[in-house]
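# Structural overview
Listed below, chain by chain, are the residues.
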Amino acid sequence: MAEAGRLGSRAFPELAKTWVPPHELRRLAAYKVLASYDNNQVGQLAAAGGDASALERRELGDAANLVDTALGYLLGSEQKVMVEGAEHADAETPTPGAVEAAAVQDRLRKWADKELLTFRVQQAERAAVLLGDSVMVLAWNPEKQRPTLRVYDPGFFFPQWGDEDEDFPRRVHLAWELPADDDAGLKARVRRVTYELGPISEDGEDGAAAGGRQYPWEPGRMSNVTCYLTDAEWLLEDLKNGETLDRLPMDKASFRVRPDGTELNRLDLMIDFVPVVHIANTIPDGGEHWGRSILARVLQALDELAATDSDSSAASATTGTPIIGLAGARLPVDRATGKPQELQVKAGAVWQLGETGRMDALDTSPQLAELRARVDHLLERIAANSRVTAAGLGTLEATEVPSGYALKLALGPLDALIGMMRLAREHKYRLLFKMVQRLYQAGRAEGWTDGETLPARLAWAPHTPTDRGAVLEEVVKAYGAGVLSLETAVAMLLEAGYPIKDASQEVERIRAKAEPEAAVRVAEAAARRGPDEDDEYLEEDGASGSAGVRKPVGKVSEREPVEAGR
């Protein structure tokens, strides 16, 4: 990584390009190193860097297993789009805005189904867990009449920060190299897609230059900021030293054209934000913007594990086919050459030994056993230092867990890790759904009216198994005692993993079923009592602390007047 940008580098030849900014070389090299661990190609990368012995390195997929395990815990069993307040839409007295929130939630979920959001999230999150970063880009599609979502390699992402205090960059490049195609007659090129916030052009078609533009998500407020899109290509042979990504000569650019014939050269997107979402795997340090891979802290341990596996393989070869020393053996002679033949260790071989002959075998099984024990030790260190834990990786023996509480304590570091990773993504997915709503508004899609964007988030399922029986018992007791609302009780069951598709609809079904059942119970109770018994019972008022309990007080007569309020 230290020599990533060196000319003639055999490990990173593609990074020594004139258009790659020098300050981005180390990040791009880190992505390539991490990807090599994921693909069991670290030995090949080291060999390309000059270490010929690295080709003997044995890599058995431990890095990929760690990444996939952490990704599985991060994602949980499912993800759902949730809009704040939508769960109260079906209540008897909905809270203000609950009906609108439920409608937006339904439309966002339909968009998620059409755009394969679950699949896109898996794409983005695996890159984030492995490389530390991932990039998602939104664009309005006039034909589909909805925003489209695409995931890009973080190595293509080059944000341009104008001020260190900015929360988001005002200019973003997505750039990658296109190889030459001799059959099509195309030379090697570099493609750059640029999103940039800037003042609205004076010759804007909507005539908003004088006083600005009013966006549908901010009615009553004029804005003079818009986002411009530029999509162009440059021939590599036309670029000179110093003409890096943010300094490419525009006079040598070849701009791409949309299907409708519009040239993508500072195209006004009619929005006031950059539709690019950068997802970091961890919470960045102060002043930083990039995340950290799940492998970052255990790379040395993975190297040690690969070296131990290589040594173990060599030791197992000498254990299975041992080195044998013979003394006083009569070696067979090759009749053609007259020289002794080389002996081979194989099943059924018979060697003739003299009276003083002896055979000694080199026993390497103790060394093999030690190497296997070292493999287990390294796996435990990797599990502990990555915070995925041995229980999370599945290497913890069931007999080593005395109780469920002990297992919960063993999974404590994993709970903290997943909590931190989800916290790092919470705001980014809220931002993504905000952009989706605003693109719908900007596209004047049917059903999307002007107004403020509603807050939406991505809800994750529990990452570890939940004791559903205990949760159900808790919910029943709490709801029966009146300390929990029906909406909260259903939400708890939903989080515990019960097959509830929609919390608000489930609440509505429960209430619809409870009303006739309650009416039947009242009618049955009245039929059992009879008309004469009603005079002998009076309901206590709320002052006695036993509301709803009927108490016999005897016949009511004029000589024994009932106390006021009874």
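Given the structure is predicted, the values throughout are model-derived calculations rather than measurements. (Residues numbered from 1 in each chain as written. Predicted model: local features only at pLDDT ≥ 70, side-chain atom pairs only at ≥ 80, totals over all residues. Heavy atoms only, no water.)

### Observations regarding the environment of Lys-187
Locating Lys-187 in the fold gives a position in the loop between β5 (171-178) and β6 (189-199). Look past the residues within four positions of Lys-187 in its chain and what remains in contact with it is Leu-178, Pro-179, Ala-180, Leu-235 and Glu-237. A polar contact is formed between the side chain of Lys-187 and the side chain of Glu-237, at a distance of 2.9 Å. (Helix = DSSP H or I, 4+ residues; strand = E, 2+ residues; numbered from the N terminus. Contact = heavy atoms within 4.5 Å. Polar contact = N/O pair within 3.5 Å; in protein donor to acceptor, adjacent residues only side chain to side chain.)

### Here we look at the sheet that holds strand β2 (residues 133-141)
Strand order in this open sheet of three strands is β3-β2-β12, and the pairing throughout is antiparallel. Single-partner strands in this sheet number two, and they are β3 (146-152) and β12 (276-280). Within this sheet the neighbouring strands show an average axis-to-axis angle of 25°, counted without direction. In terms of strand pairing, β2 meets β3 through seven bridges, oriented antiparallel. Bridging across to β3, Val-137 finds its partner in Arg-150. Docked against the sheet, helix α10 (residues 412-442) engages β2, β3 and β12, running at close to 165° with respect to β12. (Pairing = 2+ DSSP bridges. Axes fitted to C-alpha atoms, helices over the stretch in contact; angles between N-to-C directions.)

### Regarding the nonpolar core
For soluble globular proteins, the rule of thumb is that nonpolar side chains tend to be buried together. Among the nonpolar cores identified, the biggest contains 103 residues, and Trp-19, Trp-111, Tyr-195, Leu-295 and Tyr-429 are the most heavily contacted of them. Not counting the four nearest positions on each side in its chain, Tyr-429 is found in contact with Val-121, Glu-125, Met-136, Ile-279, Ala-456, Leu-458 and Trp-460. In terms of nonpolar packing, the next biggest core, distinct from the first, is built from eleven residues, Leu-486, Ala-489, Val-490 and Val-507 among them. (Core = buried A, V, L, I, M, F, W, Y, C linked by side-chain atoms within 4.5 Å. Buried < 20%, exposed > 50% of the residue type's maximum accessible area, 1.4 Å probe, protein only.)

### A look at empty space enclosed by the protein
Taken as a whole and judged by the stated rule, the model has two cavities of 30 Å³ or more. Considered as a void within the structure, the largest cavity measures approximately 110 Å³ in volume. For the largest cavity, the lining is made up of 13 residues, of which Glu-59, Leu-60, Asp-62, Leu-302 and Ala-306 are closest to its centre. Here the lining of the largest cavity takes four residues from helix α6 (residues 299-320), the largest share from any one element. In the lining of the largest cavity, the residues fall into six nonpolar, two polar and five charged. Put simply, the second largest cavity is a space of about 90 Å³. Lining the second largest cavity, in full, are Lys-80, Met-82, Ala-86, Glu-87, Gln-105, Arg-109, Leu-494, Lys-501, Asp-502, Ala-503 and Ser-504. Breaking the lining of the second largest cavity down by element, the ones donating at least two residues are β1 (79-83), α4 (98-114) and α13 (503-529). Here the lining of the second largest cavity is built from residues that sort into four nonpolar, two polar and five charged. (1 Å grid on protein atoms, 1.4 Å probe; cavity = no way out; pocket = protein on both sides within 12 Å on 5 of 7 lines; lining within 4 Å. Points joined across faces, edges and corners; volume = space filled by probe spheres on them. Nonpolar A, V, L, I, M, F, W, Y, C, P; charged D, E, K, R; others polar.)

### Re unusual backbone geometry
A positive phi is found at Asn-40, a non-glycine position, where the angle reads about 55°. Tracing the chain through its elements places Asn-40 in the loop between α1 (25-38) and α2 (42-48). With a phi angle near 55°, Leu-116 is a residue other than glycine that sits in the positive phi range.

### As for the packing of aromatic side chains
Under the criterion given, the structure shown has nine aromatic pairs. Taken together, the aromatic side chains of Trp-140, Tyr-440 and Trp-448 make up a single cluster linked through ring pairs. It is Arg-107 that lies over the ring of Trp-448; its NZ or CZ is 4.5 Å from the centre. Over the aromatic face of Tyr-228 sits the side chain of Arg-266, whose NZ or CZ is 4.1 Å from the ring centroid. (Phe/Tyr/Trp six-rings, centres within 6.5 Å; stacked < 30°, edge-to-face > 60°. Lys NZ or Arg CZ within 6 Å of the ring centre and 35° of its normal.)

### Structural notes on helix α5 (residues 117-131)
Given a rise of 1.5 Å per residue, 15 residues ought to cover 21 Å, and the 21 Å separating the end C-alpha atoms of α5 matches this to within 8%. Those residues of α5 that sit buried are Leu-117, Arg-120, Val-121, Ala-124, Glu-125, Ala-127, Ala-128, Val-129, Leu-130 and Leu-131. Where α5 terminates, the next one or two residues include Gly-132, which has phi positive at roughly 100°. (Expected span 1.5 Å × (residues − 1).)

### Brief notes about the environment of His-289
By the element assignment, His-289 lies in the loop between β12 and α6. Setting aside anything within four residues of it in sequence, one finds His-289 in contact with Asp-133, Trp-161, His-278, Ala-280 and Pro-284.

### Focus on the side chain of Arg-425
With respect to the helices and strands, the residue Arg-425 is situated in helix α10. A relative accessible area of 0% means that Arg-425 is categorised as buried. Of note is the side chain of Arg-425, whose polar atom sits 2.9 Å from the backbone oxygen of Met-421.

### Remarks on the packing of α5 against α10
Axis angle and axis distance: for two packed helices, these are the angle between their axes and the distance between the axes, and together they describe the pair. Between α5 and α10, the shortest axis-to-axis distance is 13 Å and the interhelical angle comes to 135°. Judged by the inter-axis angle, α5 sits oblique to α10. Every pair of crossing elements has a handedness; the one defined by α5 and α10 is right-handed. Taking contact as the criterion, the partners of Leu-117, Val-121, Glu-125, Ala-128 and Val-129 in α5 are, on α10, Met-421, Arg-425, Tyr-429 and Phe-433. Its residues assigned to classes, the contact of α5 with α10 shows seven nonpolar, no polar and two charged. (Parallel < 35°, antiparallel > 145°, perpendicular 65-115°, else oblique. Left-handed = near helix turned anticlockwise from the far one by under 90°.)

### Let's talk about the confidence of the model for the chain
Averaged over every residue, the pLDDT of the chain is 82; residues scoring 70 or more account for 86%. Low confidence marks residues 536-566, where pLDDT is under 50. Its contacts with residues over four positions away, or in another chain, come to 21 contacts. (pLDDT = per-residue confidence, 0-100.)

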